[in-house]
Amino acid sequence: MSIVENRKAFHDYFVEERYEAGIALEGWEVKAIRAGRAQLKEAYVVIRNGELFLIGAHVSPLATASTHVQPDPTRTRKLLLHAEEIKRLVGKVEQAGYTLVPINLHYTKGRVKLEIALAKGKKQYDKRAAEKERDWKREKQRLLRVKA
């Protein structure tokens, strides 16, 4: 079940591979995410010392859940993956001009997981072509509905 999606990622990048990662969260963050107060629009993933971190994801604190803690809505959160997956991602990011982009925040077996993607950046003309294709599909559906 999806909590929040990063639609901007599909506009800005060609998504090649997807991975599901756990996130190291604090208690108030889990409560806020369950209440739907998370945002991935400006978020990105970086590699530091062989570990993955989510930067720029915004989790708005609930007033009732964070009374005894000073919450930081945009703190850096560690991503949890198997060592083999991390090595594979590090190799691809360093050698081939790929980047890691957060795609989707969702539940798996009651736990909050983050889907990250290995992606390549789109050029402006790629974005325009994708938009033109999307508009044509929409127009085609309209025409088919009118005839039926």
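In the block above lies the structure referred to throughout.
Summary of the structure given here. Since the structure is predicted, the reported quantities are computational estimates derived from the model, not experimental observations. (Residues numbered from 1 in each chain as written. Predicted model: local features only at pLDDT ≥ 70, side-chain atom pairs only at ≥ 80, totals over all residues. Heavy atoms only, no water.)

1. Comments concerning the pattern of salt bridges
Taken as a whole, this structure holds 10 salt bridges when the rule is applied. Across the salt bridge formed by Glu42 and Lys8, the nearest N and O atoms sit 3.7 Å from each other. Pair noted here: Glu42 is in the loop between strand S3 (38-39) and strand S4 (44-48) and Lys8 is in helix H1 (residues 7-12), with a separation of 34 residues, a long-range link. Owing to a relative accessible area of 54%, Glu42 belongs among the exposed residues under this scheme. Classification of Lys8 as partly exposed rests on a relative accessible area of 37%. The residue Glu139 makes a salt bridge to Arg142 at a minimum N-O spacing of 3.0 Å. Placement of both Glu139 and Arg142 in helix H4 (residues 124-147) is noted, with a separation of three residues, approximately one turn of the helix. Sharing partners across several salt bridges, the network here consists of Glu26, Glu29, Arg75 and Arg77. (Salt bridge = Lys/Arg side-chain N within 4 Å of Asp/Glu carboxyl O. Helix = DSSP H or I, 4+ residues; strand = E, 2+ residues; numbered from the N terminus. Buried < 20%, exposed > 50% of the residue type's maximum accessible area, 1.4 Å probe, protein only.)

2. Re the environment of Leu114
Its place among the elements puts Leu114 in strand S9 (residues 111-121). Taking the C-alpha atoms as reference points, Leu114 and Ile103, separated by 11 residues in sequence, lie 7.4 Å from one another.

3. Digging into the packing of aromatic side chains
Applying the stated criterion to the full structure yields zero aromatic pairs. Over the ring of Phe53 we find Arg48, and its NZ or CZ is 5.6 Å from the ring centre. The ring of Tyr98 has Lys120 lying over it, and the distance from NZ or CZ to the ring centre is 4.8 Å. (Phe/Tyr/Trp six-rings, centres within 6.5 Å; stacked < 30°, edge-to-face > 60°. Lys NZ or Arg CZ within 6 Å of the ring centre and 35° of its normal.)

4. Some thoughts on the sheet that holds strand S1 (residues 2-5)
Here seven strands make up an open sheet; going across it, the order is S1-S8-S9-S2-S7-S5-S4 and the pairing antiparallel. Edge positions in the open sheet fall to S1 and S4, since each of these has one partner strand only. Pairwise comparison of adjacent strand axes, ignoring direction, gives a mean angle of 40 degrees for this sheet. Relative to strand S5 (residues 51-55), S4 runs antiparallel, the two sharing five bridges. For Val46, the partnering residue across the bridge sits in S5 and is Phe53. Relative to strand S8 (residues 99-108), helix H2 (residues 27-34) is tilted by about 80 degrees, and along the sheet it contacts S1, strand S7 (77-80), S8 and S9. (Pairing = 2+ DSSP bridges. Axes fitted to C-alpha atoms, helices over the stretch in contact; angles between N-to-C directions. Contact = heavy atoms within 4.5 Å.)

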